[in-house]
Amino acid sequence: RSIVINRIINLKSKHLKLLEENIVEILSIVQESTTHDIRWKALELATDLISSRSWDEVIKFLLTEIRNEAKAEVSEKIEITNEYRAFIISRISIIT
């Protein structure tokens, strides 16, 4: 998956409109992945591709991610969870 997300990121400059239309699929990578690195890259890509049409959906998704990470905080990976949550908040700040 890491190779795939890196290739999608490389396509961003040439196929921006196509990727903007598929932002929901990019967000599904975040939901399906258990690797924080891939989730971070997918979130960064999705927030870079945000448009006025997809803004509400992306914001709702990011807020849901924050809630999900708050639930996961009881795990042994609290440091990663806190970093990930801070990353999500920073991405929300960028797009609002």
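Residues numbered from 1 in each chain as written. Predicted model: local features only at pLDDT ≥ 70, side-chain atom pairs only at ≥ 80, totals over all residues. Heavy atoms only, no water.

What about the side chain of T47?
The following threshold applies: In DSSP terms, a helix is any run of H or I states spanning at least four residues, a strand is any run of E spanning at least two, and both are numbered starting from the N terminus. The cut-offs for exposure are 20% and 50% of the maximum accessible area for each residue type, with area from a 1.4 Å probe on protein chains only; residues under the lower value are buried, those over the upper are exposed, and the others partly exposed. Two N or O atoms count as a polar contact when they lie within 3.5 Å, although within protein this holds only if one can serve as hydrogen donor and the other as acceptor, and sequence-adjacent residues are included solely when both atoms are side-chain atoms. Throughout, a contact is declared for two residues whenever any of their heavy atoms are within 4.5 Å.
Residue placement: T47 occurs in helix α4 (residues 36–48). On the basis of relative accessible area, T47 is assigned to the buried category, the value being 5%. Within polar-contact distance, the side chain of T47 engages the side chain of R91 at 2.8 Å. Those residues within four positions of T47 in sequence are excluded, and the remaining contacts are V58, L62, R91 and I95.

Details of the packing of aromatic side chains
Applicable threshold: Paired rings are identified among Phe, Tyr and Trp, the last through its six-membered ring, by centres lying within 6.5 Å, and are further divided according to the angle between planes into stacked (under 30 degrees), edge-to-face (over 60) and tilted (the rest).
Taken as a whole and judged by the stated rule, the model has two aromatic pairs. Centre to centre, the rings of W40 and F87 are 5.5 Å apart; their planes meet at 20°, and the pair counts as stacked. On the criterion of sequence distance, the pair formed by W40 in helix α4 and F87 in helix α6 (residues 78–95) is long-range, its members being 47 residues apart. The exposure class assigned to F87 is buried, which follows from its relative accessible area of 16%.

A closer look at the confidence of the model for the protein chain
Note the cut-off: Confidence scores per residue from the predictor, reported as pLDDT, run from 0 to 100.
For the protein chain, per-residue confidence averages 87 on the pLDDT scale, and residues scoring 70 or more make up 92% of the total. At the level of individual helices and strands, the protein chain shows its lowest average pLDDT in α6, which scores 85, and its highest in helix α2 (residues 16–21), which scores 92.

Structural notes on the side chain of R91
Mapped onto the elements, R91 comes out in helix α6. On the accessibility criterion, R91 (9% relative accessible area) is buried. If we skip the residues at most four places from it in the chain, R91 touches E44, T47 and D48.

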